[in-house]
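Listed below, chain by chain, are the residues.
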Amino acid sequence: MKLVSIAVTLPPQHEAGVGRIIIHWACLEWRLKYIGYRVAGVSPKFGRIAMQEPNASGYVRMIANLLKLRGLPVMMTTNKLGKDCDAAEEWRNRFAHSAWVTHPDKKGYFIQATRGNWEPKKGISLNRRMSPEGIRITPKLLKSILHQIDTARRIIEVWHQVIEHRLATLPQTPAALFSLAGQLPAHARKKRQGQRRSSPR
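Since the model is a prediction, treat every value here as computed from it, not as a measurement. (Residues numbered from 1 in each chain as written. Predicted model: local features only at pLDDT ≥ 70, side-chain atom pairs only at ≥ 80, totals over all residues. Heavy atoms only, no water.)

### Let's talk about the sheet that holds strand 6 (residues 133–137)
Strand order in the open sheet made by the four strands is 1-2-3-6, with antiparallel pairing throughout. On the outer flanks of this sheet lie strand 1 (5–6) and strand 6, each paired with one strand and no other. (Pairing = 2+ DSSP bridges. Helix = DSSP H or I, 4+ residues; strand = E, 2+ residues; numbered from the N terminus.)

### Observations concerning the pattern of salt bridges
Across all of its chains, the model carries seven salt bridges by this definition. In this structure, Arg94 and Glu90 form a salt bridge, with 3.1 Å as the shortest nitrogen-oxygen distance. Here Arg94 pairs with Glu90, and both are found in helix 4 (residues 78–97), just four residues apart, close to one helical turn. Its relative accessible area of 15% is what places Arg94 among the buried residues. Given a relative accessible area of 42%, Glu90 falls into the partly exposed group. (Salt bridge = Lys/Arg side-chain N within 4 Å of Asp/Glu carboxyl O. Buried < 20%, exposed > 50% of the residue type's maximum accessible area, 1.4 Å probe, protein only.)

### Overview of the nonpolar core
One finds Leu28 and Phe95 to be the most contacted residues of the largest nonpolar core, which totals 42 residues. Elements represented by at least two residues in this core include exactly helix 1 (12–40), helix 3 (56–69), helix 4, strand 3 (106–113), strand 6 and helix 5 (139–167). In this structure, Phe95 is in contact with Val18, Ile21, Trp100, Ile111, Ile137, Leu142 and Ile145, ignoring residues within four places of it in sequence. (Core = buried A, V, L, I, M, F, W, Y, C linked by side-chain atoms within 4.5 Å. Contact = heavy atoms within 4.5 Å.)

Worth remembering: the numbers are spatial, not functional.
Quick look at the structure:
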C-alpha cells in the first residue's frame, strides 16, 4: 500500500477557493442566527446565551417554527433550503477539518473524508473511518461549491427581508408579543379559556 503525503501548502487557486467558501459560509450562518434572534424577539447578546445553536438546516427549521408561533407564514420552501444548506455545510466542514494530501500515483490535491461509508467499487461498501476516501478537489469544484453557498445565501437574504417586513406589523416588545392572543391557535385559546372557567375558587 502506497502512503499519501500531507499537503501543508496548497496552490493559490485552492487556498483562495477554500478561503472564500469558509468566509461565505460564515456569512450565511450569521444571517440565519440573526433572523432567529429577530423572530424570537431577543437581542443577539441574549440569543447567544439563551438560544441553542443548531447547524444551518436546524436554524431554518427553528425560524420556520418561530414564525408559526408568531402567527406568521413561513414564506419559504424550508425542506429544500435545509437540504441545500446541509450539502454545502458538509463541504465546508470537510475543507475546514480534513487533511489535505497528495498521492504518489495521482495528480492533484485530495481531502480525506472520514465520515459515513463510500463505494470504491460497485457493490463494495467501506467505512470511511476505517478506510478514508480520498476526494480530489479541483478549482472547478471549489467554484461550484461556492456557487451553491452563495445561491442559498441570497435566498436567505430575501427571506430575511420578507420576514422583517412582516415583523414590522407586530408589537416589538416581548411583553406585548407574548400577551397576544393570536399567538395561540384558536383551539388552544378555547381550551385555556375553558380551564380558567372550570378552575375552583
